[in-house]
Amino acid sequence: MERTLSIVKPDGVKKNVVGEVLGRFEKNGLRVAALKMIRMSKDEAKGFYIVHKERPFYESLTDFMSEGPIVVMVLEGDDAISKVREIMGATNPKEAQPGTIRADLASDIERNIVHGSDSPASAQYEIGYFFSSLEIVNPAG
Ligand code: UDP
Ligand code: MG
């Protein structure tokens, strides 16, 4: 059993596909262990994406991630980290496999609908960035 952090990004909330994204995770056997809608400040977005601070897209990405509300969630399941990455598809929607969230719902490498942690270390950092231990439940009861 593994936990990962996922986000429906501001473009996903605007396109009204929160339920669509959540449903794809649930249909693939993942369970929601924590969930909330928030809006990040620019500085909060910069902290979340601190690993990308030297990348040319950092400023634009953090503007985008703070432009409107997002839905952040902890997902739990076997191989949750790699499973979420598979369901999301490649970063660039044009390179994503058909049937993935990004291929089906996104059209832009920046505005690509969804985030998922890429490793156990990033999952730990990202879950702790948004949720305290008291806010994460055992979804199976
Ligand atoms: N991104 C971008 N331009 C790029 C690469 C990434 O705007 O050339 C954005 C995009 O929103 C991506 C995020 O930065 O989801 C984080 O990049 P990363 O390489 O971690 O991709 P991900 O893990 O989200 O697939
Ligand atoms: Mg990443």
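Anyway, here's the lowdown on the structure attached to this text. (Residues numbered from 1 in each chain as written. Chains lettered and ligands numbered in written order. Predicted model: local features only at pLDDT ≥ 70, side-chain atom pairs only at ≥ 80, totals over all residues. Heavy atoms only, no water.)

Further remarks concern the environment of Pro 10. Relative to the assigned elements, Pro 10 resides in helix α1 (residues 10-14). When the C-alpha positions of Pro 10 and Val 114 are compared, they lie 9.0 Å apart, and in sequence the two are 104 residues distant. What Pro 10 contacts, discounting residues up to four positions off in sequence, is Phe 64, Met 65, Glu 67, Gly 68, Pro 69 and Ile 70. (Helix = DSSP H or I, 4+ residues; strand = E, 2+ residues; numbered from the N terminus. Contact = heavy atoms within 4.5 Å.)

In the region of ligand 1, the neighbouring residues are Lys 9, Tyr 49, His 52, Phe 57, Leu 61, Arg 85, Thr 91, Arg 102, Ile 109, Glu 110 and Asn 112. Measuring from an oxygen atom of ligand 1, one finds a side-chain N or O atom of Lys 9 at 2.9 Å. Computed on the free molecule, ligand 1 has an accessible area of 500 Å², of which 82% lies beneath the protein chains in the complex. Residues that form the shell around ligand 1 fall into these classes: four nonpolar, three polar and four charged. (Near = heavy atom within 4 Å. Polar contact = N/O pair within 3.5 Å; in protein donor to acceptor, adjacent residues only side chain to side chain. Areas by Shrake-Rupley, 256 points an atom, 1.4 Å probe, with all protein chains shown as cover. Nonpolar A, V, L, I, M, F, W, Y, C, P; charged D, E, K, R; others polar.)

Taken as a class, soluble globular proteins show a tendency for nonpolar side chains to be buried jointly. Leu 5, Ile 7, Met 65, Val 74, Phe 130 and Phe 131 are the most contacted members of the largest nonpolar core, which totals 19 residues. Secondary structure elements with two or more residues in this core: β1 (2-8), β2 (31-38), α3 (42-48), α4 (58-65), β3 (70-77) and α7 (120-130). By residue number, the principal contributor to this core is α4, which donates four residues. With sequence-adjacent residues up to four places away left out, Ile 7 is seen in contact with Phe 48, Met 65, Ile 70, Val 71, Val 72, Ile 113, Val 114, His 115 and Phe 130. Phe 25, Val 71, Met 88 and Val 114 belong to the second largest nonpolar core, which has 18 residues in total. (Core = buried A, V, L, I, M, F, W, Y, C linked by side-chain atoms within 4.5 Å. Buried < 20%, exposed > 50% of the residue type's maximum accessible area, 1.4 Å probe, protein only.)

The subject of this paragraph is the sheet that holds strand β4 (residues 114-116). Strands sit in the order β2-β3-β1-β4 across an open sheet of four strands; the sheet is antiparallel. Where the open sheet ends on each side, the last strands, each with one partner, are β2 and β4. Going from strand to strand, the sheet's axes swing by 20° on average, the running direction of each strand aside. In this sheet, β3 lies alongside β1 in antiparallel orientation, the contact comprising seven bridges. Following the sheet pairing, Leu 5 is matched in β3 by Val 74. Contacts from helix α2 (residues 18-27) reach β1, β2, β3 and β4, with the element oriented near 5° to β3. Contacting β1, β2, β3 and β4, α7 crosses the sheet at an angle of about 60° to β1. (Pairing = 2+ DSSP bridges. Axes fitted to C-alpha atoms, helices over the stretch in contact; angles between N-to-C directions.)

Right, let's talk about the packing of aromatic side chains for a bit. Scanning the entire structure with this criterion turns up five aromatic pairs. Centre to centre, the rings of Phe 48 and Tyr 129 are 6.0 Å apart; their planes meet at 55°, and the pair counts as tilted. With a gap of 81 residues between them, Phe 48 in helix α3 and Tyr 129 in helix α7 connect regions that are remote in the sequence. The exposure class of Phe 48 is buried, given its relative accessible area of 2%. Measuring from ring centre to ring centre gives 5.3 Å for Tyr 129 and Phe 130, while their planes differ by 85°; the resulting arrangement is edge-to-face. Three or more aromatic residues joined by ring pairs make a cluster, and in this case those are Phe 48, Tyr 49, Tyr 125, Tyr 129 and Phe 130. Stacked on the ring of Phe 131, the Lys or Arg Lys 36 has its end atom at 4.6 Å from the ring centre. (Phe/Tyr/Trp six-rings, centres within 6.5 Å; stacked < 30°, edge-to-face > 60°. Lys NZ or Arg CZ within 6 Å of the ring centre and 35° of its normal.)

In short, the description is geometric, and any link to function would need to be established separately.
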